[in-house]
Amino acid sequence: MVLILLAIAGMAFAGTAVAQEQVPPEDAEGVELLAETGIDNEHACLHGDFDDRTPLTGGSSVEDAPTVDETHDVWNVTYDGDGGYVNFDAEAHDHDGPFVFYTDSGTAEPKDEEVLERGEVTCEELGLDEYVKVGFPQDGTNSLLLTEGGHGEDGDHDHGDEEDGEVSKFEIDNHQTGEMIASVHGDHWHGGNPKIEQGGFMPVGANIEDADGNEIDLSGDHHSINARLAEGADESIVSLDGHGDHVRIDGDEQGSVGVVFQLLHDGNVEYETPPIDVEVGNHDNRVSYGVEHELVIDTEENVTLGEDLARATTSGVCEGLGNMTELPDGWNCEAQTSTDIGAHGADPGTELNHYHASVHHGFENENDANDLWVDLYDNNVVHEEWVGAFDNTLESELNAPVKDGTPFLLGEIESEGTEVGYELLVDTEQNVTLGDELNASMESAVCEGFDRHGSIDAPESWGEEWQNLSPPAGWDCSEQTEVGVTSHGADPGTEVDHFHPHVTLEFETEAAAEDVKWFTILSHRSVDDTLRESIEDSLLDEYGTAVLEPGPYTLGAFEVVEDDHEDGGVSTFEIDNHQTGEMIASVHGDHWHGSTPEIEEGGFMPVGANIEDADGNEIDLSGDHHSINARLAEGADEGVVSLDGHGNHVRLDGVEEGTTEIAFQLLHDGNVEYETPPIDVEVSGDGEDGEGISDENPFGDSNGDPLGELQVVDRLTDWTDDQQIDGQSYGELEIIESITDWNDAR
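Definitions and limits used
- The written sequence of each chain sets the order in which its residues are numbered from 1.
- Where local features are concerned, this predicted model is filtered to residues with pLDDT of at least 70; where side-chain atom pairs are given and counted, the filter is 80 or more; whole-chain, interface and lining totals use all residues.
- With hydrogens and water stripped out, all remaining heavy atoms of the structure feed into the side-chain values.
- Only when DSSP finds a minimum of two bridges between them are two strands counted as paired.
- The helix and strand labels rest on DSSP assignments: H or I over at least four residues marks a helix, E over at least two residues marks a strand, and numbering proceeds from the N terminus.
- Between N-to-C directions, angles cover 0 to 180 degrees, with each direction set by a line fitted to C-alpha atoms, over the stretch in contact for helices.
- Contacts were defined at the residue level, with two residues in contact if any of their heavy atoms lie within 4.5 Å.
- Residue count minus one, scaled by 1.5 Å, sets the expected span of a helix.
- Classification of residues uses two cut-offs on accessible area relative to the type maximum, computed with a 1.4 Å probe and protein chains only: under 20% is buried, over 50% is exposed, and between them is partly exposed.
- Summarising the geometry, the arc corresponds to the directions from the helix axis toward the C-beta atoms.
- Two rings from Phe, Tyr or Trp (for Trp, the six-membered ring) form a pair when their centres are within 6.5 Å of each other. A pair whose planes differ by under 30 degrees is stacked, one over 60 is edge-to-face, and the rest are tilted.
- Any angle between 65 and 115 degrees counts as roughly perpendicular, while under 35 counts as roughly parallel, over 145 as roughly antiparallel, and the rest as oblique.
- Under the scheme applied, nonpolar residues are Ala, Val, Leu, Ile, Met, Phe, Trp, Tyr, Cys and Pro; charged residues are Asp, Glu, Lys and Arg; polar residues are all the others, including Gly.
- In this description, the term disulfide denotes a pair of cysteine sulfurs within 2.5 Å.
- Definition used in this section: a nonpolar core is a set of buried Ala, Val, Leu, Ile, Met, Phe, Trp, Tyr and Cys residues joined via side-chain atoms within 4.5 Å.
- The pLDDT value tells you how sure the predictor is about a given residue, anywhere from 0 up to 100.

### Comments concerning the sheet that holds strand β6 (residues 99-104)
A sheet is described by the order of its strands in space; here 6 strands give the open sequence β2-β4-β1-β6-β9-β8, paired in mixed fashion. Lying at the two open borders of the sheet, with one neighbouring strand each, are β2 (54-57) and β8 (115-120). Across the sheet, the axes of successive neighbouring strands diverge by a mean angle of 25°, strand direction being ignored. Packing against the sheet, helix α2 (residues 41-50) makes contact with β1 (31-36), β4 (74-78), β6, β8 and β9 (130-134), and its axis sits at approximately 135° to β1.

### A look at helix α9 (residues 709-722)
Between the first and last C-alpha of α9 there are 21 Å, a value that for 14 residues agrees with the 20 Å anticipated at 1.5 Å per step. Burial in α9 covers these residues: Val712, Leu716 and Trp719. Angular distribution of buried residues about the axis of α9 spans 60°; they occupy a single face of the element. Looking at α9, the residues exposed on the side facing more than 90 degrees away from the buried face are Leu710 and Asp721. Two residues or fewer past α9, Gln723 is found with a positive phi of approximately 65°.

### Side note on the sheet that holds strand β11 (residues 167-174)
Adjacent strands of a sheet pair through backbone hydrogen bonds, lying either parallel or antiparallel. With respect to topology, 6 strands assemble into an open sheet ordered β13-β12-β11-β15-β18-β17, the strand pairing being antiparallel. Each edge of the open sheet is held by one strand with a lone partner, namely β13 (188-191) and β17 (238-242). Across the sheet, the mean angle separating the axes of adjacent strands is 25° when strand polarity is ignored. Strand direction decides the pairing type here: β17 and strand β18 (residues 246-251), joined by 5 bridges, are antiparallel. Following the sheet pairing, Asp241 is matched in β18 by Arg248.

### Focus: the pairing of strand β20 (residues 268-272)
Alignment of strand β19 (residues 255-265) against β20, held across 4 bridges, turns out to be antiparallel. The residue of β20 that forms the bridge with Gln262 is Glu272. The loop that links β19 with its antiparallel partner β20 comprises 2 residues; one of these, Asp266, has a positive phi angle of about 55°.

### Quick word on the packing of aromatic side chains
For the structure shown, the criterion picks out 11 aromatic pairs. Judged by centre distance (5.7 Å) and plane angle (55°), the ring pair of Tyr102 and Tyr131 falls under tilted. Here Tyr102 is found in strand β6, whereas its partner Tyr131 is found in strand β9, with 29 residues between them in sequence. For the pair Tyr102 and Tyr131, one class covers both residues: buried. For the pair Trp475 and Phe507, a centre-to-centre distance of 4.8 Å together with 25° between the ring planes defines the contact as stacked. With Trp475 in the loop between α6 (436-453) and β27 (481-486) and Phe507 in the loop between β28 (495-506) and α7 (510-524), the pair connects residues that are 32 residues apart, well separated along the chain. Taking relative accessible area as the criterion, Phe507 reaches 2% and is therefore assigned buried.

### Things to note about the packing of α9 against helix α10 (residues 732-745)
For the pair α9 and α10, interaxial distance at closest approach is 13 Å and the crossing angle is 180°. Between α9 and α10, the interaxial angle falls into the category roughly antiparallel. Between α9, through Glu709, Val712, Leu716 and Trp719, and α10, the contact on the second element is made entirely by Glu732, Ile735, Ile739 and Trp742. Tallied by class, the residues present in the contact of α9 with α10 amount to 6 nonpolar, no polar and 2 charged.

### A word on the environment of Ala636
By the secondary structure assignment, Ala636 is in the loop between β35 (626-632) and β36 (641-645). Expressed as a C-alpha distance, the spacing of Ala636 and Thr659, which sit 23 residues apart in the sequence, is 8.9 Å. When neighbours within four sequence positions are excluded, Ala636 is seen to be in contact with Thr660 and Glu661.

### What to know about the state of the cysteines
Tallying each qualifying case throughout the model produces 2 disulfides. Between the sulfur atoms of Cys318 and its disulfide mate Cys333 the distance is 2.1 Å. On the sign convention where negative is left-handed, the bridge of Cys318 and Cys333, at about -75° about the S-S bond, is left-handed. Residue Cys318 is located in helix α3 (residues 307-324), and its partner Cys333 is located in the loop between α3 and β23 (337-342); the two are separated by 15 residues in the primary sequence. Grouping residues by exposure puts Cys318 and Cys333 together as buried.

### Structural notes on the pairing of strand β40 (residues 679-684)
Each regular strand carries side chains that alternate between the two faces of the sheet. Only one face of β40 is covered, namely the face carrying Ile679, Val681 and Val683; the face carrying Asp680, Glu682 and Ser684 is uncovered. With 3 bridges connecting them, strand β33 (residues 598-600) and β40 associate as parallel partners. The partner of Ile599 across the bridge, within β40, is Val683. Pairing of strand β38 (residues 658-668) with β40, which is carried by 5 bridges, proceeds in the antiparallel orientation. Each residue of the ladder has a partner; that of Thr660, found in β40, is Val681.

### Topic: the nonpolar core
Core analysis: the largest hydrophobic core is formed by 37 residues, its most contacted members being Tyr422, Leu438, Met442, Phe450, Phe499, Leu505 and Phe507. Among the elements of the structure, β26 (419-433), α6, β27, β28 and α7 are those that each provide at least two residues to this core. For this core, the element with the most residues is α7, which contributes 7 residues. Once you skip the residues sitting within four places of it in the chain, Phe499 turns out to touch Leu394, Leu424, Leu425, Val426, Thr428, Val432, Leu434, Leu438, Met442, Val485, Thr486 and Ser487. The next biggest cluster of nonpolar side chains, apart from the first, holds 31 residues, and it includes Val167, Ile249, Leu263 and Val280.

### Examining the confidence of the model for the protein
Confidence in the prediction of the protein, expressed as mean pLDDT, is 79, and 84% of residues score 70 or more. Overall, residues 151-165 carries pLDDT values under 50, and its contacts beyond four positions in sequence, including any with other chains, amount to 28 contacts. Counting interchain partners and residues more than four positions distant, the pLDDT-below-50 stretch residues 283-287 has 19 contacts.

### Structural notes on the environment of Leu424
Secondary-structure assignment places Leu424 in strand β26. Using a relative accessible area of 2% as the deciding quantity, one classes Leu424 as buried. When the C-alpha positions of Leu424 and Val485 are compared, they lie 9.4 Å apart, and in sequence the two are 61 residues distant.

### Focus on unusual backbone geometry
With a phi angle near 65°, His72 is a residue other than glycine that sits in the positive phi range. Within the fold, His72 resides in the loop between β3 (67-68) and β4. On the accessibility criterion, His72 (42% relative accessible area) is partly exposed. We note that Ser105 has phi near 65°; this positive angle belongs to a residue other than glycine. For Ser105, a relative accessible area of 30% translates into the label partly exposed.

Pasting the structure below:
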């Protein structure tokens, strides 16, 4: 609430940080600091890109350092000497896990607590550039030493422009569409990468400013841009051709290559950018492939349903896959993996110790998807007791022991009525013959597996009824089990070393069948130890909780699925306030249901979207292919708002009071795939002609006008002495409400 609420925090309530005038992001000096309870780079970038900074003077030691406890507030920390200390009061929060400290133009080093993780951040605007995750402090306070400079390999991750010589800004865009691609930040880029079709081309333009912030004219006789391949880059992927105000890049072969852009003055190189990867591929192919599987995870301590848990689970799964198998070249697991979290209908925010994670790994080609599918099966073999039973039976009866990595479960274990059915895959070291003898041998193996395994306990969190699961007493496996073996359509009598037993178990009651279904799931599908350990590490890191055995385990099938967005079909298009998450409206055919975006004149709103394709699959706006944008509707007033697309949201700025219409767009690789019907956007006045302020408000005058800021500060100072202003007593809540009314009336 700008100046005065900060004054309350500084004078009235026990905080030690002194409130000062807010600093716009572009004017911030020193180190910028943001505290959060978890790693959420997108959320942090919203604060970093759009929030004004709160000035704070760092101390020369922990003892004289200021203490703050606010999250979601970007502090502009300045100090004398080589560094400044800031104390963060972790005990002020209902959160006993690690805290994450984001910084820009510097780094935060905890004095006592363990550093759990460090990472870089890429924001679209001024933003933030790195974070450090720190363990919960034993004494309740995280003491941080802030110093300028980053935590890169050389300790000098530059976000300034002092060393850029004549250039303070270098942005590249699609010269044909005007869409911004990326911008230089010191020794690296922020944004996306140029993506070109094989056999196609892209004209890349630039927006460049000199050291004084003056735009450099590329249309004249002196300045131009060009490009060259980075040192050691593959020369066969692209060809480059300078055209004064843009560079034409032709995609010759599929692949990725580093390109360096140059600012020329009278033909001489005046400035060179750091390399940026240019990707050449089949980006117009709207068919992608995915591998899907569902995990059931039980934890020793409660976790909270929501995005943080989904992200932590994704991180654990991806780390485990990387340790478990060789992943496709260039495939970024975390960027191409989405995880939906649920727990039997529980709402987001619910705390529990049992949840389901539906994981989807996306790929551009079917071969990579199939390779991961095979690797997942190879590393999720059935319980060792079942492996031993199959190996023993096949070796003793058919002289054909099983190969390592099999048998494993194909598809789901399902119960229908009084029957349980599932399918296995078995590979043998020697050939076996399809037919009755093999069917009978597989029945023996299944029954021996039940005998060997005995009973199984589900995790304790499931409750007592899930302990000591086993087939019902008196059940005769040999009489009530049927196995039919197939091998991709081969006829009986064919010799094979790869086959599929289809198992059917018969019981007297549906309840018994349901129990044995879960017994079979638990005993067949515990995940590979490598994957289990990585999921546990991620949850320990995020929540401080271990994973209960025998899980995590895989529920259902690993499936290779095909996602086809070729027709641009959209089944859901909702818009929300990207900063608060509040839903605004949703498309219904040719119109909208809900409300309209409302912005104050001189203010802005970041508008995000929740979009699902024709099959109900959520479209990922955080990746490289899909994004949203907006345009003014035909004939709409052009002076009311300005629009600026930022990938996963559109920034709407209120230019002048009025109403206009805009249409939102879903883009795929920069091309419009879907466009919404128009929706009204309302820009209200700045409040100068409002209804004034109540006579009972201590921050208004006798005419109902709000007092000036200095007068308000003086009155707050008086109030902190004896809780009175002009002889009238006010409680804390009354003061906050009065300040709110005063701020609205200014």
